[in-house]
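# Tertiary structure, described
Each chain, letter by letter, is given below.
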Amino acid sequence: MSRKAAPLDYLARWPLRLWLVLVAIFLYAPLFTLIAFSFNDSRRNIVWQGFTLDWYGAVFNDTDLLTAFGNSLTIAAISTVISLILGALVAVACWRFRFPFKPMFEGALALPIVVPEICMGVAMLVFFSRVMPWPDDLPWPFSLGAIIIAHISFSFPFVAVIVRARLASFNRELEEAAKDLGASEWRAFIDVLVPHMKPALIAGALLAFTLSLDDFVITFFTAGPDTVTFPVKVYSMVRFSVTPEVNAASTLLIVVTVLLTAIGLKIQGRDVAKMEGGQ
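About the thresholds
- Residues numbered from 1 in each chain as written.
- Predicted model: local features only at pLDDT ≥ 70, side-chain atom pairs only at ≥ 80, totals over all residues.
- Heavy atoms only, no water.
- Helix = DSSP H or I, 4+ residues; strand = E, 2+ residues; numbered from the N terminus.
- Buried < 20%, exposed > 50% of the residue type's maximum accessible area, 1.4 Å probe, protein only.
- Contact = heavy atoms within 4.5 Å.
- Areas by Shrake-Rupley, 256 points an atom, 1.4 Å probe, with all protein chains shown as cover.
- Axes fitted to C-alpha atoms, helices over the stretch in contact; angles between N-to-C directions.
- Parallel < 35°, antiparallel > 145°, perpendicular 65-115°, else oblique.
- Left-handed = near helix turned anticlockwise from the far one by under 90°.
- Nonpolar A, V, L, I, M, F, W, Y, C, P; charged D, E, K, R; others polar.
- Core = buried A, V, L, I, M, F, W, Y, C linked by side-chain atoms within 4.5 Å.
- Polar contact = N/O pair within 3.5 Å; in protein donor to acceptor, adjacent residues only side chain to side chain.
- Expected span 1.5 Å × (residues − 1).
- Arc of directions from axis to C-beta.
- Phe/Tyr/Trp six-rings, centres within 6.5 Å; stacked < 30°, edge-to-face > 60°.
- pLDDT = per-residue confidence, 0-100.

### Side note on the overall build of the chain
Check the secondary structure of the chain and you find 12 helices and 0 strands. Ordering the α and β elements of the chain from the N terminus gives α-α-α-α-α-α-α-α-α-α-α-α. When the 279 residues of the chain are sorted by exposure, 36% land in the buried category. Expressed as a percentage of contacts within the chain between residues at least 6 apart in sequence, the contacts between residues at least 24 apart total 70%. On the chain, roughly 17,000 Å² of surface is accessible, and the fraction owed to carbon and sulfur atoms is 70%.

This is the structure in structure tokens:
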């Protein structure tokens, strides 16, 4: 005898399960197709000729592509660290303090999230060309400074929103108890508040890193002639033709993103398990 689905037991209804399967196919089929054709032994991307790993060798032998990938990793790493610190401090300030024009400040904080990337890119182009021209003859990685600043400007609001949501569940009595036991403001912040924020900090760092690593529009407007990033380089390759080398480079970027996400989720799950075990 089959069990009747409850009103809120949505996954027990076959139309919804079918819809979820179709959505998953729609989202992930292009990615699996790209990965499959990165092993195609033919320069014509739409014709399967055979299996080969030569295109991955071509990617690792392409000096310009490796340089662009190194630029992207450097920009993502630096912007993630700064965005994480800045976003966490902004989230704590909005959560703990009351100050004039706070709603206006919180609304302005959300602007980089809701404003279209093309508008952000044009704004950054005008800013770095007219207001604060960025020198072109700086040594690496200072030559990437304009892109790093642009990435921080749209990354740290995401971190702030995630950490702010996490702080909403914090019991302030824990911090007060730590102070009653002799902890200073700094010790209470480090030993009580930061462990509670840690899952949100990991999630915010992962989001900031992937946003920076994958960004094309804003980077395209702020990159100089000698500061090509990986997405911009791939775009320049695609302009001529979509070859298996482009697929191989894109596959490597997907693998790096998935590995970093898996590592972050594992660390986050371990921290949650420790917190539950401590309770």
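### Overview of the packing of helix α3 (residues 63–96) against helix α7 (residues 145–167)
At a minimum axis separation of 6 Å, α3 and α7 run at an interaxial angle of 40 degrees. When the axis of α3 is compared with that of α7, the two are oblique. Handedness of the crossing formed by α3 with α7: right-handed. Along the lines of polarity and charge, the residues of the contact of α3 with α7 split into 19 nonpolar, 5 polar and 1 charged.

### Comments concerning the nonpolar core
Ranked by size, the top nonpolar core spans 17 residues in total, and within it V92, V163, L167, L193 and M197 carry the most contacts. If you list the elements that add at least two residues to this core, you get α3, α7 and α9 (185–214). Take this core: its biggest share by element is 8 residues, from α9. Each residue touching V92, except ones within four places of it in the same chain, is listed here: F97, L167, F189, L193 and M197.

### Focus on the side chain of S212
Inspection of the secondary structure assignment puts S212 in helix α9. Judged by its relative accessible area of 4%, S212 is buried. One polar contact links S212 to H151, side chain to side chain, over a distance of 2.6 Å. Apart from residues lying up to four places away in sequence, S212 is in contact with I75, A76, S79 and H151.

### Let's talk about helix α6 (residues 117–131)
Under the 1.5 Å per step criterion, the end-to-end length of α6 is 20 Å for 15 residues, consistent within 8% with the ideal 21 Å. Along α6, the residues classified as buried are M120, G121, M124 and F128. For α6, the arc enclosing every buried residue in end-on projection is 100 degrees, short of the 170-degree limit, so these residues lie on one face. Exposed and oriented more than 90 degrees from the buried face of α6 are R130 and V131.

### Considering the packing of aromatic side chains
Evaluated as defined, the whole model comprises 9 aromatic pairs. Their ring planes at 35 degrees and their centres at 5.4 Å tell us that F216 and F220 sit as a pair that is tilted. In this structure F216 comes out as partly exposed when scored by relative accessible area, which is 24%. Accessibility expressed as a relative area gives 43% for F220, which makes it partly exposed. With centroids separated by 6.1 Å and ring planes inclined at 80 degrees, the aromatic side chains of F220 and Y235 adopt a geometry described as edge-to-face.

### Things to note about the confidence of the model for the chain
Of all residues in the chain, 87% attain a pLDDT of 70 or more, and the chain-wide mean is 80. Confidence scores differ between elements of the chain, with helix α12 (residues 244–278) showing the lowest mean pLDDT of 73 and α3 the highest of 88.

### Regarding the environment of F230
Summarising the element assignment, F230 is placed in helix α11 (residues 230–238). For F230 and G70, which are 160 residues apart along the polypeptide, the C-alpha to C-alpha distance reads 8.0 Å. Excluding residues that lie within four positions of it along the chain, F230 makes contacts with L65, A68, F69, S72, A249 and L253.

### What to know about the packing of α3 against α9
Put simply, α3 and α9 touch, their axes get as near as 8 Å, and they point 135 degrees apart. Classified by the angle their axes make, α3 and α9 are oblique. Classified by chirality, the crossing of α9 by α3 is right-handed. In this structure, α3 uses S72, L73, I75, A76, A77, S79, T80, L84, A88, V92, W95 and R96 to contact α9, whose residues at the interface are E185, F189, L193, M197, L201, A205, A208, F209, S212 and L213. Its residues placed into classes, the contact of α3 with α9 shows 16 nonpolar, 4 polar and 2 charged.

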